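Descriptive structure summary
Chain by chain, the residues run as shown.
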Amino acid sequence: MGVEFTDKVTILVCGGDGGAGCMSFRREAHVPKGGPDGGDGGRGGDIILQADVQTSSLIDFRFKHHFRAQRGTHGQGKRMHGADGQDMVLKVPVGTVVHLYDPETHEEGELVADLTHDGERVIVAKGGHGGRGNIHFVTSTRRAPSFAELGEPAIEQWIVMEMKLMADAALVGVPSAGKSSLISRLSAAKPKIADYPFTTLVPNLGVARTDEGYDYVLADVPGLIEGAHEGRGLGHEFLRHIERTALIVHVVDMTGGYEGRDPVEDYRIINRELELYADELADRPRIVVANKTDMPGTEDVVKRLAAAVREDSIAAAGGDEFADSPIDPKLYLTSAVTGKGVKQLNEAIGSKVRVLRAEARAEAEAFEKPYEAIWEHRREARDRRFQVVRLDEHTFRVEGPQVERWVIQTDWDNEEAVAFLQHRLKRAGVDDALAKAGARDGDEVQIVECAFDYQSGEAREDIFQELED
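Everything numeric in this text was worked out from a predicted model, so none of it was measured.

**Notes on the overall build of the protein chain**
Per the secondary structure count, the protein chain includes nine helices and 18 strands. Considering only intrachain contacts with a sequence separation of at least 6, the fraction spanning at least 24 residues in the protein chain is 71%. Here the protein chain displays about 23900 Å² of accessible surface, and carbon together with sulfur accounts for 50% of that area.

Next up, the structure:
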């Protein structure tokens, strides 16, 4: 029994909460009134996705959907900092695309990462910072701060992971065109093969080798039908696997199958489906293979298909017969049963893949994709944003990841901690935003589950001027 193939999953990821900072004072013999010595809380662990060449599908996430990293431990006296929580590394196949996901609308959001290289990683849920101990809040006028920060809550969010095969070339065509038989001839892959449509229900991968010793990865994508670009059959599930391949190998059944279809019309249908699914697939380098040419009565249709391929090749080159075209003008005649033409096809695919790989390497060197740095920068910018929502004439609500975490970090039973929060909010521009929104003295301001009365700068003495973040 084979391993089940899973290529799209939705999971909830949550980093570890930060540990609380400690409020402590040094108390030793002969030092009855020592200064503050509360240690910081430990940082919570991150949830990290890492591309792994040994992982072949997303099956590990099919039944487990919630992942939480370890929390940081609390700080202690004598400046003893809490231990950081351990990161949780989730291994995913190379070629996994990650987006944010909205569980309420069931829609995919911003791109988080496109993990195309073995070992590439991205933090999808950052752990919370540990709260600072009271040693950090000493000022020239506050020699003995009697408060510390609680740990920062971790980021929690839904993400959707979608695996797209990382193959050099993909065999495409209508069902029962002979793609599985060809990949078994070209590589060491052993797909299920039978003489009826839709034998292949999941993509197969195989590694082929040319006579020159050059290896390339070949994918056998399940058969496509008319309307696949609209999701008919399993169109979207299969077409996504073609997006990454450098070379499309279009296999056409010269017998027309059980239905006696016109092979040239089959060729046209698949070309239209690729173009309608994604415009760039129309310009993707392509080789056309006439398969099952060992069958009698295929000579005339082979000539018609060869003419159609040459016509498309010239059109793709802008009408210039002698210009380079993404479509190989040559029609490759094969028989997966007898092995006819398989060697020539193998060498042609290998040669084109080698050129395309060199071009891809040059492009990658010119444009790096440091997803971890990019995503972290975007996350920090998004965290700093907040908005003031007016609920009624005298009630306002402040919403934003960073200000909400500050409120959660505050010990509301400690007056000094509350004062420090007020100073933080003022420096972040919350006071000015409330005033601009029309808040007046005595109006209610809500942040997360907390509510307090608004006081303008003129209505209160700013006793927190010397507080520093």
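**Structural notes on the sheet that holds strand 4 (residues 88–93)**
Taken in spatial order, the three strands line up as 4-2-7 in an open sheet, and their pairing is mixed. Because the sheet does not close on itself, it has two edges, and the strands there are strand 4 and strand 7 (121–125). On average, each strand axis in the sheet is tilted by 30 degrees relative to the strand beside it, whichever way the strands run. Two strands pair when backbone bridges link them, and strand 2 (residues 47–52) and strand 4 are joined in this way by six bridges, in the parallel orientation. For Ala51, the partnering residue across the bridge sits in strand 4 and is Val92.

**What to know about the nonpolar core**
Core analysis: the biggest nonpolar cluster contains 33 residues, and Leu247, Val249, Ile287, Val289 and Ile349 have the highest contact counts within it. Sorting the residues of this core by element identifies strand 9 (169–172), helix 1 (179–186), strand 11 (215–220), strand 12 (247–253), helix 3 (263–277), strand 13 (286–291) and helix 5 (342–366) as the ones contributing at least two each. Residue contributions to this core peak at six residues, all from helix 5. What Val249 contacts, discounting residues up to four positions off in sequence, is Ala169, Ala170, Leu171, Val172, Ile287, Val289 and Ile349. Ranked by size, the runner-up nonpolar core spans 24 residues in total, among them Val13, Val92, Val112 and Ala125.

**Looking at the pairing of strand 12**
Most of strand 12 sits out of view: seven of its seven residues are buried. Here strand 12 shows a buried face lined by Leu247, Val249, Val251 and Asp253 and a second buried face lined by Ile248, His250 and Val252. Bridge count for strand 12 against strand 13 is six bridges, and the pairing is parallel. Bridge pairing in strand 13 links Val252 to Ala290. Considered for its hand, the β-α-β crossover made up of strand 12, helix 3 and strand 13 is right-handed.

**Details of the pattern of salt bridges**
The full count for this structure, using the stated rule, is 21 salt bridges. Between Asp168 and Arg357 there is a salt bridge, with its nearest N and O atoms 2.6 Å apart. Note that Asp168 is positioned in the loop between strand 8 (156–163) and strand 9 and Arg357 in helix 5, a separation of 189 residues in sequence. The partner of Arg397 in a salt bridge is Glu399, and the shortest N-O contact between them spans 3.8 Å. Taken together, the shared-partner salt bridges in this structure form one network comprising Arg43, Asp46 and Asp87.

**Considering the sheet that holds strand 1 (residues 8–14)**
Spatial strand order, 3-1-8-5-6: five strands in an open sheet with mixed pairing. Two strands lie at the open edges of the sheet, namely strand 3 (66–68) and strand 6 (107–115), each paired on one side alone. Averaged over all pairs of adjacent strands, the angle between their axes in this sheet comes to 30 degrees, without regard to strand direction. Bridge count between strand 5 (residues 96–102) and strand 8: five bridges; the pairing is antiparallel. Bridge assignment links Thr96 to a residue of strand 8, and that residue is Met163.

**Topic: the environment of Glu415**
If you trace the backbone, Glu415 turns up in helix 8 (residues 415–427). Taking the relative accessible area as the measure of exposure, Glu415 reaches 72% and is therefore exposed. Distance from Glu415 to Ser146, taken between C-alpha atoms, is 9.2 Å for residues 269 residues apart in sequence.

**Some remarks on the pairing of strand 2**
Of all six residues making up strand 2, six are buried, and the element is well covered by its neighbours. Covered by surrounding structure in strand 2 are Ile47, Leu49 and Ala51 together with Ile48, Gln50 and Asp52, the residues of both alternating faces. Sheet topology places strand 2 next to strand 7; four bridges connect them, and they run antiparallel. When the bridges of strand 7 are listed, Ile48 appears paired with Ile123.

**A look at the packing of helix 3 against helix 4 (residues 299–316)**
Look at helix 3 against helix 4: their axes get within 9 Å of each other, and the N-to-C directions meet at 30 degrees. Taken together, the axis directions place helix 3 and helix 4 in an arrangement best described as roughly parallel. Facing helix 3, whose interface residues are Pro263, Val264, Tyr267, Arg268 and Asn271, helix 4 presents Val301, Arg304, Leu305, Ala308, Val309, Glu311 and Asp312. Tallied by class, the residues present in the contact of helix 3 with helix 4 amount to seven nonpolar, one polar and four charged.

Criteria and cut-off values
Residues numbered from 1 in each chain as written. Predicted model: local features only at pLDDT ≥ 70, side-chain atom pairs only at ≥ 80, totals over all residues. Heavy atoms only, no water. Helix = DSSP H or I, 4+ residues; strand = E, 2+ residues; numbered from the N terminus. Contact = heavy atoms within 4.5 Å. Areas by Shrake-Rupley, 256 points an atom, 1.4 Å probe, with all protein chains shown as cover. Pairing = 2+ DSSP bridges. Axes fitted to C-alpha atoms, helices over the stretch in contact; angles between N-to-C directions. Core = buried A, V, L, I, M, F, W, Y, C linked by side-chain atoms within 4.5 Å. Buried < 20%, exposed > 50% of the residue type's maximum accessible area, 1.4 Å probe, protein only. Right-handed = clockwise from strand over helix to strand, strands pointing away. Salt bridge = Lys/Arg side-chain N within 4 Å of Asp/Glu carboxyl O. Parallel < 35°, antiparallel > 145°, perpendicular 65-115°, else oblique. Nonpolar A, V, L, I, M, F, W, Y, C, P; charged D, E, K, R; others polar.

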